[in-house]
Amino acid sequence: VQLVESGGGLVQAGGSLRLSCAASGFTFGINPSGWYRQAPGKQRELVATITGSAGSTTYGDSVKGRATISRDNGANTIYLQMSSLKPEDTAVYYCKLYSTFLKRDYWGQGTQVTVSS
């Protein structure tokens, strides 16, 4: 299983971006998946998750109202759309898939998002 994130970069405060996470060797399908982030010196935190055939979503408190997670089963890709970005959103963003069959997590390598003030 390989997860490859893309879409990170340098963004001005107030701007927006969309991150993508493409999976190979496995399908997102109904497996729980999501986005997490880790800023320097801080613990990794939940950004958003999506799960089930209906694509139920949850969001971390720090991004509620500013983030949207979505899934394209045909492309085997999940996305994170974020708007009204703040400098405190600066972090490495990681994609995660939990295999309900293998009962384990898979992580991508991460993509850096830097928000300048």
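Residues numbered from 1 in each chain as written. Predicted model: local features only at pLDDT ≥ 70, side-chain atom pairs only at ≥ 80, totals over all residues. Heavy atoms only, no water.

Side-chain alternation along strand β11 (residues 111-116) places Thr-111, Val-113 and Val-115 on a buried face and Gln-112, Thr-114 and Ser-116 on a face that remains uncovered. When strand β2 (residues 9-12) meets β11, the two strands line up parallel, connected through 4 bridges. When the sheet's bridge partners are listed, Gly-9 is paired in β11 with Val-113. Across 3 bridges, the pairing between strand β9 (residues 91-99) and β11 is antiparallel. Bridge pairing in β11 places Val-92 opposite Gln-112. (Buried < 20%, exposed > 50% of the residue type's maximum accessible area, 1.4 Å probe, protein only. Helix = DSSP H or I, 4+ residues; strand = E, 2+ residues; numbered from the N terminus. Pairing = 2+ DSSP bridges.)

Another point: the packing of aromatic side chains. Throughout the structure, instances matching the rule amount to 3 aromatic pairs. Ring centres 6.4 Å apart and planes at 85° place the aromatic pair Tyr-94 and Trp-107 in the edge-to-face group. You can see Tyr-94 sitting in strand β9 and its partner Trp-107 sitting in strand β10 (residues 104-107), a full 13 residues away along the chain. The rings of Tyr-36, Tyr-94 and Trp-107 are connected pair by pair, giving a single aromatic cluster. Positioned above the aromatic ring of Tyr-94, the side-chain terminus of Arg-44 is 3.8 Å from the ring centre. (Phe/Tyr/Trp six-rings, centres within 6.5 Å; stacked < 30°, edge-to-face > 60°. Lys NZ or Arg CZ within 6 Å of the ring centre and 35° of its normal.)

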